[in-house]
Structure formats: structure tokens, C-alpha cells
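An overview of the molecular structure
Okay, here's what each chain looks like letter by letter:
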Amino acid sequence: MANNETEQPIVRTHALTKQVNTGDQQLTILQNIDLNIHMGEAVAIIGASGSGKSTLLGLLAGLDLPTSGKVHLDEVDIFALDEDQRAALRGKILGFVFQSFQLLPALTALENVMLPLELMSVGNAEATARRLLDRVGLALRLHHHPKQLSGGEQQRVAIARAFATAPKLLLADEPTGNLDSATGIQIIELMFELNREHGTTLVLVTHDEALSKRCSRQLRMADGRLMQ
Amino acid sequence: MNHFLLSFRMLRRDWRAGELNVLVLALIIAISGLTTVGFFADRVGMALARESNQLLGADLLVMSSKPLPPHFAEEAEKLGLTISSLTKFPSMISNGDGNLLTEIKAVAEGYPLRGRVHVAGRSSSGANANPGIQVAEGIPVPGTIWADEKVMTRLDLKIGDVVDIGAIQLKVTELVVREPDHSVGFINMGARAIINTQDLADTELIQEGSRVSYQLLVAGDMKTVQQFRTWAQGRLAKNQKIEGIRDARPEIKAALERAEKFLSLAALVSVVLAAAAIALAVRRFTLRHLDGCAIMRSLGASQKQLLTMYVSYFITLGIIASGLGCLIGFAAQQILAHWLTDIVETALPWPTWWPAIHGLLVGLVLLVGFALPPVLNLRSVPALRVLRRDVGLPNAHSLWGYGAGLAALLLLFIWKAHDLKLGLYIVAGFVSAIVVFGSVGWLLIKLLSNLRHQAGGAWRYGLASLHRRAASSVLQAVALGLGLMALLVLTLIQDDLINDWNASLPPDAPNHFLVNIQADQLQPLEEFFQQYAMERPPLFPMIRGRLIKINGKNVSPQDYADDTHAERHIRREFNLSWTDELARDNSIVQGSWWKKDTRDTEMSIEADIAKTLRIKLGDELTFDIAGQHFSAKITSLRKVDWDSFRVNFFVVVPPGLLEDYPASYITSFYVPPSEIAMIHELVRMFPNILVVDVALVIGQVQQMIQQVSEAIKFVFIFTVLAGFAVLYAAIAATQDERIYEAAIFRTLGARREQLLRAWATEFAILGGLSGLFASAGASGLGYVIGKYALHLDYTFNPWIWVIGTSIGLTGVLVGGLLGTRAALSSPPLLTLRKIA
Ligand SMILES: Nc1ncnc2c1ncn2[C@@H]1O[C@H](COP(=O)(O)OP(=O)(O)OP(=O)(O)O)[C@@H](O)[C@H]1O
Ligand SMILES: [Mg+2]
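Small disclaimer: the values here were computed from a predicted structure and weren't measured.

Quick look at the overall build of chain A now. When its secondary structure is counted, chain A shows 7 helices and 10 strands. Relative to all contacts within chain A whose residues are 6 or more apart in sequence, the contacts with residues 24 or more apart total 69%. A total accessible area of about 9,500 Å² is found for chain A, and carbon and sulfur atoms account for 47% of it.

Below is the structure:
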């Protein structure tokens, strides 16, 4: 994989720590995470269940708040922003793929893909969305609602949605976790292809060793710490 | 057994997690509103009845033309009722110079049991004195007589004078200003005096054949009085009868019934609101418990196990929430009663426990009717839902669930309305409203969502979620519409109705009747009124006639031996009159009013009396008027609002039929209390004219209207709360979906304002729609209630559309946005973790 690394990392964390209160005791889920991810990289986060992978990914996307520490996305300290500004930044530079798809049930496949574009007030939203759905092989399912689609098809809609705004950074949390292995492989292939086509930086959480090997770098997590 | 334990544990967990907030809140508000109204109506009803009984002097009278056998008094005493007795008869009173036919009332210790005798101070005398009015102490001591204004005036008496009555002489010690059982009938309206019953025998006035009325006065708590009445009813001899205030006073009866209808209406409206809130809350409950059920099914729980669990779950919940509601209701009505006594000076009797029992039952019925059926669907949730989350959503079955709830509501209505007709009208109104609102809502939402492809941005998403949630959107709009409709009915229309009611009895409503005015007195009377710078009130001709034939067949009192009330009417003379215009306080219930200048011998009869005498439309009645026979066919039955206090007749004919018969005239007019001297003068100048003073009764009815208006305003607070519960429930019903959407929107980079705009679109459409529904429904319901149940001409209020729609729109918009505000500020991952 051709890495055209630049000087500035697109993701930079500093002493990122997340603790939660579970009744009487404090649980540390993430402890002092420092990491840099550069433009164009494909990074796999692996680790045992409960080691904090999803938590880390959520913090990188600014979907959650840390107890302490910082995350810089494209040199912006995201936790210095308010929730609204963070949302705007997400819309501009990143896409997110969930294990459980998280499509809006009210909207058709097409509308789901158009949604981030319209939120950014990008013109031509529909054309872009159609092109992307065509690209993921769903040209014939544009007007179907998520319920009417299979799991794999829903995940493809989710990926099309994630790529709709041509994000610099794509975060995916076990994107194939809910799919059979054959469909899983298709989805992964699709993601890497799009990653190449768009020059997107990819960070993906996975349990699949083979998949992680295809990435340029692996980060291993255990007990809320980054092993190196 | 362990199902019960499991259900209790589940209940406790759901309660702690706040899962039951909406449901419990709706139930508590509904039941507390209902029991407040219940308790309060109960107390006011008792107070009003007791207060109006003051006009009777007792709660119940047993009357007879012969001395009453002792068993009536004995039974009443046995039941713990208070009793007294009196004997009424006409007799001459004289003071040497003149004689006056007076109605003498010989009273026993304890009289009156209800109300007071008011007298003017002993020092005053004559009609022109301005005496300090005070409550009399006890009854006249033997050897004394208390006389009224007419006796004093016509015999020119002073306090301390001695009068002859029968074989004895009595000293006048008090001037009676007001006495409770001052009857309003057109007979016995002359001069009146009260003596002690111990003097009765000595007068030697009571002899075989004298016209005497023996009365037993009974008073006590309502239930026991009723018990006594039932007991006595079966033992009445032919010459005996029982009278309560409702039998004696049609005006009070009518006013009391309207008051009761108003209050039960308010209660019914809170039930509807509660039902709407519960239906909405249950929907959410069902959705949220789908997963739990699926998991239990996948772990091997049988349908029966789930059923037992949920049934015990809901019954426990129902009892707890309704119980709380009853407690709150009880406390609230205490406050209300306390607050109200400051305004109306009536000591309210302690309420019965019935309203609490009603409240509990209604709570359970509502919960079982609306909550259990959809929840029962949960037991058939397929275990597959554990794997595929889109299966097992409640579907058409839940329609049946609402059907069951509606049926329960219908029964409640008919039960609570007491009045089958009013209940059925309201039910029919609500059912057709639900059907019409539902289909119109469905169409509009489909139509609007088709527009979404033209709309941009936020609008599109607002419309899209409306569409996606079409079923729940329609449900929300209908529930909100019904809630708002109830609120509108209770605010605007209730206000209009109360105003109409008040207007039907203005402060200057006629408070004096003049009866027995002769044709040759019309001119002098006109001049008399001119002297007082008053216009002569309209005079109504009145002809007395005895009903002798129905459809050519002779009638006699014996034909009605089983019904003393009917029998009395046949025995007595009817008052007939003629007019070509239907009076404002009359309405035709059957047949039609005659055309102007009709030449036919037609007749219109009051509906109640027609029923009593078993007379139908089309029957021909023959009256004996001073020896001549007069016949006419009944072409209409009229309902008369007796509480309008205007002159009304049971039997009316068109002009041109009765003019040749001997007539006297009757009129009614208003005299301000300060001008009362005019009445004294009138009595002096026209001794044959009977003056009937109904000021007391009018005051009673006006006070009743006042009390009920205040009560309804207070009860309205609960209805407003219930309305908010509906709003809250309606918004909470889709809140989970909204919070989820918000998280995804946020993940994709939506700004706050974009989300707000999408939601605002949805809420505005929902609110506007429900406001429209509410306005339409409220107008219709108000019309029907006013027209058919309360017999008031309800005038449409065009503002209702403006107010209804704008309240709906802003209410739902503001409430909705406030309700979903939390979803905007919580970090998205937290939400997604919770829900996914
Ligand atoms: N809001 C929270 N409250 C309490 N504990 C939490 C919360 N969020 C995460 N955790 C805990 O933190 C730990 C890490 O969770 P996380 O979801 O990041 O793990 P993961 O590495 O993604 O696991 P998996 O591979 O199973 O998805 C887990 O033990 C989880 O229970
Ligand atoms: Mg995870």
C-alpha cells in the first residue's frame, strides 16, 4: 500500500484517559493513550474484548468525552470545541462505520447517503449519493428502507454514507462483526478500494488477524493501554 | 408463584429506571382529577341539596289530608332521623275591625329542620318599618302568633296586638319576614301566620271536613333520608304523599340537574385525557419491553408465564398509581372545599367514600382497557427478535387493543354520566372524532410526506420521520387532538355555556309573580306601574280548566290511582293560555309549533306532564272551563326550562280559541329589594291579586350557578394537568427514536440547529393538525352538549379555530422541543451504546 505520509499527523492523541464511575468504584477504560496517525495510513486496532477499542475509536471521533487528555484531528483540539462545533468538524473530515450499521430507519437508502451531504449543504447531494450507492452495488435499492435490506446491504449503505463527504479520515468499528465471512470480505474489499480511490486515512477495529495484516500498521490494546 | 415475584421485581426495576414515569403520571393525574371532581361533586351535590332543602324546611316531607299514622314518625326516629311536624290550614284571623283569610301553620318543637325563620325585630311594626331582620328563636310560645307582612298590613296590626283565631286569642309577637317552606304554588298564596301546635286544639278549627294538611318533617344524612323515603313510599295511603325538594320545586330540580351534568362533564373529560395519555404511554412501554420479552422467550418462557407476569405487573401498578391518585384527589378537593367556602359560605358536608372507590375502579379499567391488550401482544413476541431486531414489532393486533380500551371507556362514560343520553352523545362524539381525525390525519401525513422530495434539508427530514412513523404520528395527532379538544371544551365552551347559563338567569330575572289579575284591573295596574316609573310587564292570559277527556274518553282521578302525582293533576285545574310565539325558554321536543294565524284547534303540552298523564302527540284533550267544554288536538310537546323563572304554562293553544272564556292574567317582573315598598302598596291596592315572591329561590339558583362555575374553574386545573400529561406522553412516545436519530445525525456532523429544524417541522405539523382536530371536535361537542344535554342555545365561537390551532401548534412545538432537548447535548456514543 502506497503511503504518502506527510509531516502533520491527522490524528494525534495526548495522554487520553477515560474513566467511568460504576456505582462505588472507578473503572479506568483507557489509560494515557498517546498515538499519531498520518494521512493515508491504514491502521488496525486489535485487542481482546473489553480492552477499550470501541471507547478509543469513539473518542477519536469526538462521539464521547474523555476524562482527561487531548485529541487533535487535523490539528484541531476537538475537546476544546463544543458539541456543535465537533459535529461540524466530523461532518467535514470524518466518516464512521458502526458494527450495527446505525442507519436512520425513517429514510431510504438514498436519503441516508444524502443526509451528511445535505447537512453540509453540499450541492448535488443526490447525484453524489446515487454514484456512491452505485459504487457499492446498490443502484437498484435506492428507494428501499433499511428494514428492507439485508445486513450486508445495510452495511454497504453505511459505507456509502461514510464516504459521501469524501472524508480525510474513516473510522470503522468492527464493520464486519455482524456479517458472515463472505460478505465480510466483500465489505472489507470495498472499504480498501474506496480508501485507495479517495486517499482516505483508515482506522479500523477488528478481531480478524488476517484483516489487520492488510493494514499498514497494527495497534494492540490490552486493559485500556496501547501495547507497542 | 415465582411469576408474581418476577413481576414485582420487574415492576420495581422499571419504576427505578423511570420506565413507568409517563404511564404512572398519566394515571395519577387522571385519577386524582377524577376523584377531585368526584369528591367535590359529591359534597357540592349534598350541600346544594341540603341548601335547597331549606326552602322546604326539611329534607323530606310526608304529607296527608288526615292526621298521619304514627308509624312514619316512629320509623324515622328509629333510623336516627330528626323529625318535627306541622299542620297547615286556612282560617280567618280577626282583630275586631276586620277579618283576613290566612294560612295558619301550627308548628312543633324543632321546626324548621332546614333553613331558618327570619323575623323583624319585636319593636317594629307595620309595612313601612325598616326592621333589623334576624333569625327567630325557636317557635312561637303557646299563646302567641307570628304573622307575616300581609296580615300586619291588612289588619293594621302592631307587635303586641291581640288577634282572634278560632276559639282563642293570641298575641302577635313577631313579624315573619321569611320562612323556609314558603310555597310557590299558585294556591295558598295569601296571608300567612305561625302558631304553636299546642294551641291548635284550643282553636277548635280542625274539624271533620276542614281543609288541613298534616306534615311530618324529616331531616338527616342523605342516605338515611333516602332509605326512609323508600320505606315510606311503599306504605303511603291514598291521601298521603312524600315530597323532597325536587318534587316540590321544578326550578331547583332543573338547576341541580344542570349543575350535576356540568360537573360530571368535567370529570368525563379528564377520563378521556387520561385514556389518551395511557394509550400513548403504553405504546412506548410495549416498544421498550419487546427485547426483554424476546429474550425471555428465547430462554424458554411460555406465553402463559409471560401473561401471568404482565397481568400481575399491571394490576399492581394500577392499584398503586390509582391509590396515589385517590389520595391526591382527596387532598385537592379539601383545598378546593376550603377555598370555596370563603366564597360561598356553605359548610360542605363530609364526602362519601364512593369517589375513591370509583377512582380506583376507573384507574384499573383504564389501565386494563388500554394497557393490557397491547402488552399482551408482548407474550407473542417471537424469540427470533433476539437475532433480528425488526421482527416482532406491535402491529394490527394493537388496534384491537385500543378497541378494547375504547369499549372500556364507553362503559365508564355511560356509568359516570349517570345520564345515558349525555354519555352516549359524548361517546358518539369521541368515537366519530377518532375515526374522522384518524383518517384525515393519515391522508394528510401521506400527502405531506409526498412533498418531501420537493422540500429541502431539515423539512425533508421532518417530513420523512412523520412518514416513517405514520401510524404513531396519526396516533399522536389523534391523542393530542382529543386532549386539546377536551381542554377547549372545558375552557372556551364551558365558559360560553356558563355564561349562557348565567344569562338565562340575569340579576334582574323576574322575582315576583302577580297571579289572578282580572280583566278590569289591567288599566289600573298599568297606571300603578306608571306611578313607579316602571313599564307594565307583559301579561299572560290564564284560564283554569279541568281535564275531563282524552281522545273522547272520560278521565277521572281513579285512572291514575297508582300515581299520586298524576292523580293530583287530574284533580286540580290546569292553567291554560294562548300565544302565537314559542317562548325563549321552551323548546319543541316532538311535533311542531303552529304556524302564525293558524285556524286549527291545536294545543301544545309540556313534555313531562304529558309523560305523567300518559298523553301522546296527536291525542285530543277536552277541558271543562267554567262548565263549557273545550277540545283541541296536541300538535307539539314542549320542554320548559323552569329555572328561567318566567311565566310558563303546561298547556298552550294558538290565539283565537280561548278568548271568549273567562280569563285572569298573570305576570312576572323584577323588583329590586330597595323598592319592596311598592309590593306592599300593590297588595293594598289590589287585594285580590296574589303576589308570589320567588326572590329566595332565584337567589338559591344564582348561588348554585356561582358555586358550580367556581368548582369547574378549579377542576379545570386538573384538566390542564391531564392535558400536559397527554402532551408529555405523546412526545415521550417517540422520544427514544428521536434520541437515537439525534445521535446518528450528530455522528454525521449535524449542527444543533439542523436537528432542531427537522424536529420543529415534525412537531409543528403534528401540533397544527391536532389543533385543527381539536377545534373541529370541540365546536361539535359543545354544540351537542349545549343543545341536547343542557338545553342551552350554544353560540359558535369562531375564535376556537384560531385559538385551538395556535395552542396546538405552539404547545406541541414547545413541549416537543423541550422534551427532546436532552437528546441534543448528550454525547452520541453514550446514546448509541444504550440503544443499539
Ligand atoms: N459507559 C460505560 N460505562 C461503564 N463501562 C463502560 C462504559 N463504556 C465502556 N465501558 C467498559 O469499558 C470497557 C471497554 O469497552 P469497549 O466497548 O471499548 O471494549 P471493546 O474493546 O470495544 O470490546 P469488544 O471487542 O467486546 O467490542 C468494557 O469493559 C466496557 O464494559
Ligand atoms: Mg467494541
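Still more ground to cover, so stick around.
We now examine the sheet that holds strand β9 (residues 217-222) of chain A. Residues and elements named next belong to chain A. The 6 strands lie next to each other as β6-β7-β8-β3-β9-β10, forming an open sheet whose pairing is mixed. A single partner strand is all that each edge strand has here, and the edge strands are β6 (94-97) and β10 (225-227). Geometrically, the sheet is characterised by an average inter-axis angle of 20 degrees between neighbouring strands, direction not taken into account. Pairing analysis gives 4 bridges linking strand β3 (residues 42-47) to strand β8 (residues 201-205), with the strands arranged parallel. Directly across from Ile45, in β8, lies its bridge partner Val205. Its contacts with the sheet put helix α2 (residues 83-93) on β6 and β7 (169-173), and the angle it makes with β6 is roughly 90 degrees. Running over the sheet, helix α6 (residues 181-198) touches β3, β7 and β8 and is turned about 160 degrees from β8.

For the rest of this paragraph, the subject is the nonpolar core. In terms of nonpolar packing, the biggest core is built from 139 residues, with Phe314, Leu366 and Met485 of chain B touching the most fellow members. Setting aside anything within four residues of it in sequence, one finds Phe314 of chain B in contact with Leu23, Phe285, Leu367, Ala371, Leu372 and Val375 of chain B.

Residues and elements named next belong to chain A. Taken in spatial order, the 4 strands line up as β2-β1-β4-β5 in an open sheet, and their pairing is antiparallel. Edge positions in the open sheet fall to β2 (25-38) and β5 (76-77), since each of these has one partner strand only. Note that strand β1 (residues 9-22) and strand β4 (residues 68-73) share 5 bridges and pair antiparallel. Note on β4: the bridge partner recorded for Arg12 is His72.

Near ligand 1 there are 13 residues, and of these Ser49, Gly50, Lys53, Ser54 and Thr55 of chain A occur at the shortest range. Residues near ligand 1 are shared among chains A and B, making this a multi-chain site. Separating an oxygen atom of ligand 1 from a backbone N or O atom of Ser51 of chain A is a distance of 3.3 Å. Taking Thr55 of chain A, its side chain carries an N or O atom lying 2.5 Å from an oxygen atom of ligand 1. Notes on ligand 1: free accessible area 630 Å², of which the protein chains cover 67%. The residue makeup of the shell around ligand 1, split by class, is 3 nonpolar, 7 polar and 3 charged.

Let's shift gears to the pairing of strand β6 (residues 144-148) of chain B. Residue and element names in this part refer to chain B. Across the 5 residues of β6, 5 count as buried, placing the element largely inside the fold. Burial along β6 is two-sided: Thr144, Trp146 and Asp148 facing one way and Ile145 and Ala147 facing the other are all buried. Pairing analysis gives 5 bridges linking β6 to strand β8 (residues 168-178), with the strands arranged parallel. Bridged to Ala147 within β8 is Leu175. As defined by bridge partners, β6 adjoins strand β9 (residues 191-196) across 3 bridges and the pair is classed as antiparallel. Each bridged residue has a counterpart across the sheet, and for Ile145 the counterpart in β9 is Ile195.

Before going further, it helps to spend a moment on the interface of chain A and chain B. Across the contact, 31 residues belong to chain A and 28 residues belong to chain B. Across the interface of chain A and chain B, roughly 2,800 Å² is buried in total on both sides, 60% from carbon and sulfur atoms. Summed over the three residues of chain A that lose the most area to chain B, namely Leu63, Gln102 and Leu119 of chain A, the buried surface amounts to 20% of that side. At the surface where chain A touches chain B, the tally comes to 0 salt bridges. Applying the counting criterion to the chain A and chain B interface returns 2 residue pairs in polar contact (both at pLDDT 80 or more). For the side of chain A that touches chain B, the secondary structure elements donating two or more residues are α1 (53-60), α2 and α3 (109-119) of chain A. Counted by class, the side of chain A that touches chain B contains 16 nonpolar, 7 polar and 8 charged residues.

All names here are of chain B. Of the residues in chain B, 80% have a pLDDT of 70 or more, and the chain-wide mean is 78. For the stretch residues 123-131, pLDDT sits under 50, and the model shows 13 contacts to residues farther than four places along the chain or on other chains. In the predicted structure, residues 183-189 sits below a pLDDT of 50 and forms 19 contacts with residues beyond four places in sequence or in another chain. Confidence metrics for the complex model read pTM 0.61 and ipTM 0.76.

Time to look at the packing of aromatic side chains. Residues and elements named next belong to chain B. Counted according to the given criterion, the structure contains 14 aromatic pairs over all chains. Judged by centre distance (5.7 Å) and plane angle (75 degrees), the rings of Phe574 and Phe623 are edge-to-face. Highlighted residues: Phe574 in strand β15 (residues 574-578) and Phe623 in strand β18 (residues 620-625), separated in sequence by 49 residues. Since its relative accessible area comes to 4%, Phe574 is described here as buried. One aromatic cluster in this structure is built from Phe528, Phe529, Tyr532, Phe669 and Phe686.

Moving on: the pattern of salt bridges. Scanning all chains against the criterion turns up 19 salt bridges over all chains. A salt bridge links Glu126 of chain A to Arg130 of chain A; its shortest N-O distance comes to 3.0 Å. Taken together, the positions of Glu126 of chain A and Arg130 of chain A, both in helix α4 (residues 125-135) and 4 residues apart, correspond to about one turn of that helix. The partly exposed category is assigned to Glu126 of chain A, whose relative accessible area is 35%. Residue Arg757 of chain B pairs with Glu753 of chain B through a salt bridge whose shortest N-O separation is 2.4 Å. Taken together, the residues span about one helical turn, with Arg757 of chain B and Glu753 of chain B both in helix α21 (residues 752-789) at a distance of 4 residues. A relative accessible area of 37% means that Glu753 of chain B is categorised as partly exposed. Because the salt bridges share partners, they merge into one network encompassing Arg135, Glu193 and Glu197 of chain A.

Residue and element names in this part refer to chain B. Counting buried residues along β15, 5 of its 5 residues qualify, which places the element largely inside the surrounding structure. By the alternation rule, side chains of β15 split into Phe574, Leu576 and Trp578 and Asn575 and Ser577, which are all buried. In the sheet, strand β13 (residues 540-550) pairs with β15 via 3 bridges, with the strands oriented antiparallel. Residue Gly545 lies in a different strand from β15, and its bridge partner there is Phe574. Bridge count between β15 and strand β20 (residues 651-653): 3 bridges; the pairing is parallel. Across the sheet, Ser577 pairs through a bridge with Val652, a residue of β20.

This paragraph deals with the confidence of the model for chain A. Here chain A shows a mean pLDDT of 86. Residues at 70 or above account for 96%. The model gives residues 1-5 of chain A a pLDDT under 50, and that stretch makes 10 contacts with residues more than four places away or in other chains.

All names here are of chain B. Among the surface-exposed residues, Leu410, Val431, Val435, Val436, Val440, Leu444 and Leu447 lie close enough to one another that they form a single nonpolar patch of about 530 Å² accessible area. If you tally residues by element for the nonpolar patch, the top one is helix α12 (residues 420-450), at 6 residues. Tracing the backbone shows Val436 in helix α12. The class of Val436 is partly exposed, set by a relative accessible area of 45%.

Moving on: helix α18 (residues 677-685) of chain B. Here α18 of chain B has its buried residues at Met678, Ile679, His680, Leu682 and Val683 of chain B. Structurally, α18 of chain B contributes buried residues whose contacts are with α4 (149-154), β12 (512-517), α15 (522-531), β21 (664-669) and β22 (690-693) of chain B.

Moving on, we get to the packing of α3 of chain A against α4 of chain A. Residue and element names in this part refer to chain A. Closest axis-to-axis distance for the α3/α4 pair is 9 Å, and the angle between their directions is 125 degrees. By the angle class used here, α3 and α4 are oblique. The hand of the α3/α4 crossing is right-handed. Counting all contacts with α3, which are made through Ala109, Leu110, Val113, Met114, Leu117 and Glu118, the residues of α4 involved are Ala125, Glu126, Thr128, Ala129, Arg130 and Leu133.

Parameters at a glance
- Residues numbered from 1 in each chain as written.
- Chains lettered and ligands numbered in written order.
- Predicted model: local features only at pLDDT ≥ 70, side-chain atom pairs only at ≥ 80, totals over all residues.
- Heavy atoms only, no water.
- Helix = DSSP H or I, 4+ residues; strand = E, 2+ residues; numbered from the N terminus.
- Contact = heavy atoms within 4.5 Å.
- Areas by Shrake-Rupley, 256 points an atom, 1.4 Å probe, with all protein chains shown as cover.
- Pairing = 2+ DSSP bridges.
- Axes fitted to C-alpha atoms, helices over the stretch in contact; angles between N-to-C directions.
- Core = buried A, V, L, I, M, F, W, Y, C linked by side-chain atoms within 4.5 Å.
- Buried < 20%, exposed > 50% of the residue type's maximum accessible area, 1.4 Å probe, protein only.
- Near = heavy atom within 4 Å.
- Polar contact = N/O pair within 3.5 Å; in protein donor to acceptor, adjacent residues only side chain to side chain.
- Nonpolar A, V, L, I, M, F, W, Y, C, P; charged D, E, K, R; others polar.
- Buried area = accessible area lost by both parts, 1.4 Å probe.
- Salt bridge = Lys/Arg side-chain N within 4 Å of Asp/Glu carboxyl O.
- pLDDT = per-residue confidence, 0-100.
- Phe/Tyr/Trp six-rings, centres within 6.5 Å; stacked < 30°, edge-to-face > 60°.
- Patch = residues over 30% accessible without salt bridge, like charges linked within 9 Å, V, L, I, M, F, W, Y side chains within 5 Å.
- Parallel < 35°, antiparallel > 145°, perpendicular 65-115°, else oblique.
- Left-handed = near helix turned anticlockwise from the far one by under 90°.

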